[in-house]
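In case you want the letters, here they are:
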Amino acid sequence: MNSLNQITEQAREVMRRDTTWPFLVPRKRSVNVSKNVILYLEGLNVSFDGFQALNNLNLYVNDGELRCLIGANGAGKTTLMDVITGKTQCDSGSAWFGQNIDLLAHDEAEIAQLGIGRKFQKPTVFEAHTVFHNLELSLQGAKGVWRALTATLSGSERDRIDEVLEIIGLEKSRHQLAGALSHGQKQWLEIGMLLAAEPRLLLVDEPVAGMTAEESERTAELLTSLAGKHTVIVVEHDMEFVRSIARTVTVLHQGSVLAEGTMDQVQNNRDVIEVYLGEEA
Amino acid sequence: MSTVKTAAQPLYRWFAEFRQPGRGTSWLVGVLLVVTLAMSAANLLLPPESPLYVSTYTITLMGKYLCFAMLAMAVDIIWGYCGILSLGHGAFFALGGYGMGMYLMRQIGDRGVYGNPDLPDFMVFLNWQELPWYWFGMDQFWFAVLVALAIPGLLAFVFGWLAFRSRVTGVYLSIMTQALTYALMLAFFRNEMGFGGNNGLTDFKDILGFDLQADSTRVALLLVTTLLLVIAFLTSRAIVQSRLGRVIVAVRDSEARARFLGYRTERYKVWLFVYSALIAAVAGMLYVPQVGIINPGEFSPLNSIEVVVWVAVGGRGTLYGAIVGALLVNYAKTRFTALMPDAWLFALGALFVVVTVYLPRGLAGLFDRFTSKNAETAWPERAKESNGGLSTAEVSA
Ligand SMILES: Nc1ncnc2c1ncn2[C@@H]1O[C@H](COP(=O)(O)OP(=O)(O)OP(=O)(O)O)[C@@H](O)[C@H]1O
Ligand SMILES: [Mg+2]
């Protein structure tokens, strides 16, 4: 009798009219940035076989900001991006995207669909595809298997691709295989793939590695122009480049934040000078 | 020297047509249809004394080759386009074959040696009193076909789901597929399984009421095989040319990148694996009535490895390359084993080594090299090294 009651109770709960079944709730939620902070990282710890790659790291990034992350090799910059994008599980800590999305509860694909795009340290494009198709695959939209089977490009998507091609200066190479591009062009294409996806937050790992001075100048221009509408986090070793785009700089050292501030503040920071002693910063 | 070259030019250009999306399709389909139709006509209409007469043996041989071609295409879809090197596709082929074999077995009825109307001979021999439950309904053609598709499809789904969700890739995945087919082989060897043990299923009499020994049935089977191969080819072609196909190639070349763009790559892999297994199962179903037997030997790991060699020879990632490769290598095998039966495996190994070293993109790549145009599915140099390629050491082992 009692169990019957329980079952009816459960059934009633399931059939309630004022709620929606969990699997019917749209998975794609938009990020809530009412407090003007888009990324909260608190107490992050990641260790690889006992090596502490991230050590109680705290970082807050404002919506629309352009933030530079610097730090020596092995400081944990890439690992930090891995945690944000769901590639690496952290041992402890929390990572929130806006007020409402717990990044640690999602996997890579979901996080990408939530609006976080990422450029890898080593340029990674689909080499067997043309530049155009690389961008097509990056477009925002449904990413399911059955949708992909029947997908055709709409006019507005075509326009978006053309727009991105113009921004990254690859209009002429649109039908070239991505594998045949130069290193710098691949970097650009990968940035273009991020743009095509129109993410809220862009994580850009070493965008100017292997670029000529002129190319990196254009990259600097592009990244600054993106800030405002998008939030951009850039990791870069090239100090000149960082100086040219940076508003706020965060220095990572051995997996935690060593200093934060404008370029000048950071450069005059005692700790930073100590760590970088002898190194031109 | 130069005359040879100029003479060969049209041939290269003709072959290169295959690579052009639209026209390549019609070429291959056209050649297949014309050849099989001509063979069929020559078999049925000409008297055996005629020099152009095609023997029923040849008809059946061709049908067998076309089944292998379909199997090779199934492997190419996942290996060439998605970088998943399956060394166990023979399992899906054999399961499809067993499904058809069960139907054909039930068709024998009381014409078996023991004259039992319900039980196949091997069950009578084992003193079984009644049909095992999984044999029920297999006397209905439609049901048998359904089962012969559902079982391999389900197996591929479960296997793929487990493997791809836990992100098993590369050599480990290949070994798992190999273990899968090996385990099935051991299981099917057992008499208790109820599939005829190591003799398998054989002595078939007729299919859908038509005598399997009749020339016209043989010809019809060849034509049906051709037709289904063409349909499978066109469907696969449509898939790899859709956005789905581009995502699949993207997964092959950089799975991480695809994931960070929001694609659930494991789902793409699972569905492609299931599709490929279904094609292999269809090939197996067509194979059994033509060769007249299915036994656990079809699950042999070596069979699956041979398929990979056919694809490598023809050129992976082209679909038509797999078909051409399967036809050529099997023709060579027939010829070769007639001369030196024991040396075939060595020849096959040598062929694979030569192809991997000198023709990484197979015959398709060879002919492609003579045409300046680079098709979009070309295998990029980088991916070639990093993705599930079989090293020469592995194959000669
Ligand atoms: N998967 C892994 N397994 C083991 N150790 C790792 C792994 N990933 C990173 N590490 C280690 O963690 C440390 C931090 O690496 P990370 O790539 O985050 O550094 P980084 O700041 O990006 O350096 P760089 O400027 O060289 O790119 C390094 O010492 C690295 O060797
Ligand atoms: Mg790094």
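Reading guide: rules and limits
Residues numbered from 1 in each chain as written. Chains lettered and ligands numbered in written order. Predicted model: local features only at pLDDT ≥ 70, side-chain atom pairs only at ≥ 80, totals over all residues. Heavy atoms only, no water. Helix = DSSP H or I, 4+ residues; strand = E, 2+ residues; numbered from the N terminus. Contact = heavy atoms within 4.5 Å. Donors = N, O, S within 2.8 Å, 3.2 Å for Na, K, Ca; no water. Buried < 20%, exposed > 50% of the residue type's maximum accessible area, 1.4 Å probe, protein only. Phe/Tyr/Trp six-rings, centres within 6.5 Å; stacked < 30°, edge-to-face > 60°. Lys NZ or Arg CZ within 6 Å of the ring centre and 35° of its normal. Near = heavy atom within 4 Å. Polar contact = N/O pair within 3.5 Å; in protein donor to acceptor, adjacent residues only side chain to side chain. Areas by Shrake-Rupley, 256 points an atom, 1.4 Å probe, with all protein chains shown as cover. Nonpolar A, V, L, I, M, F, W, Y, C, P; charged D, E, K, R; others polar.

(A) Layout of the environment of Val54 of chain B. Residue and element names in this part refer to chain B. With respect to the element layout, Val54 can be found in the loop between helix H2 (21–45) and helix H3 (56–79). For the pair Val54 and Ala38, spaced 16 residues apart in sequence, the C-alpha separation works out to 9.3 Å. Discounting residues that sit within four places of it in the chain, Val54 has contacts with Met39, Ala42, Asn43 and Ile59.

(B) Highlighting the coordination of the magnesium ion (ligand 2). Residue and element names in this part refer to chain A. Protein-derived coordination of the magnesium ion (ligand 2) comes from Thr78 (OG1) and Gln121 (OE1), at a distance range of 1.8 to 2.2 Å. Separated by 43 residues along the polypeptide, Thr78 in helix H2 (residues 77–84) and Gln121 in the loop between strand S6 (116–119) and helix H4 (131–138) bring together distant segments of the chain. A relative accessible area of 25% places Thr78 in the partly exposed class. Gln121 sits in the partly exposed class, given a relative accessible area of 37%.

(C) View of the packing of aromatic side chains. Applying the stated criterion across every chain, the model contains 24 aromatic pairs over all chains. Geometrically, the ring pair formed by Tyr98 of chain B and Phe299 of chain B is stacked, given 5.9 Å between the ring centres and 20° between the ring planes. A residue pair is termed long-range when its members are at least 10 positions apart, and Tyr98 of chain B in helix H4 (residues 89–108) and Phe299 of chain B in the loop between strand S4 (293–294) and helix H12 (301–314) qualify at 201 residues. Judged by relative accessible area, which is 0%, Phe299 of chain B ranks as buried. Three or more aromatic residues joined by ring pairs make a cluster, and in this case those are Tyr98, Phe122, Trp133, Tyr134, Trp135, Phe188, Phe195 and Phe299 of chain B. Taking the ring centre of Tyr263 of chain B as reference, the NZ or CZ of Lys143 of chain A above it sits at 4.9 Å.

(D) Spatial organisation of the site of ligand 1. Residue and element names in this part refer to chain A. Lining the immediate environment of ligand 1, one finds 14 residues, of which Asn73, Lys77, Thr78, Thr79 and His237 sit closest. In the environment of ligand 1, an oxygen atom lies 2.8 Å from a nitrogen or oxygen atom belonging to the side chain of Asn73. Contact between ligand 1 and Thr79: an oxygen atom at 2.5 Å from a side-chain N or O atom of the residue. Protein chains shield 64% of the accessible area of ligand 1, which is 630 Å² for the free molecule. Breaking the shell around ligand 1 down by element, the ones donating at least two residues are strand S2 (51–62) and H2. Broken down by element, the shell around ligand 1 gets its largest block of residues, 3 residues, from H2. Classifying every residue of the shell around ligand 1 by side-chain character gives 5 nonpolar, 7 polar and 2 charged.

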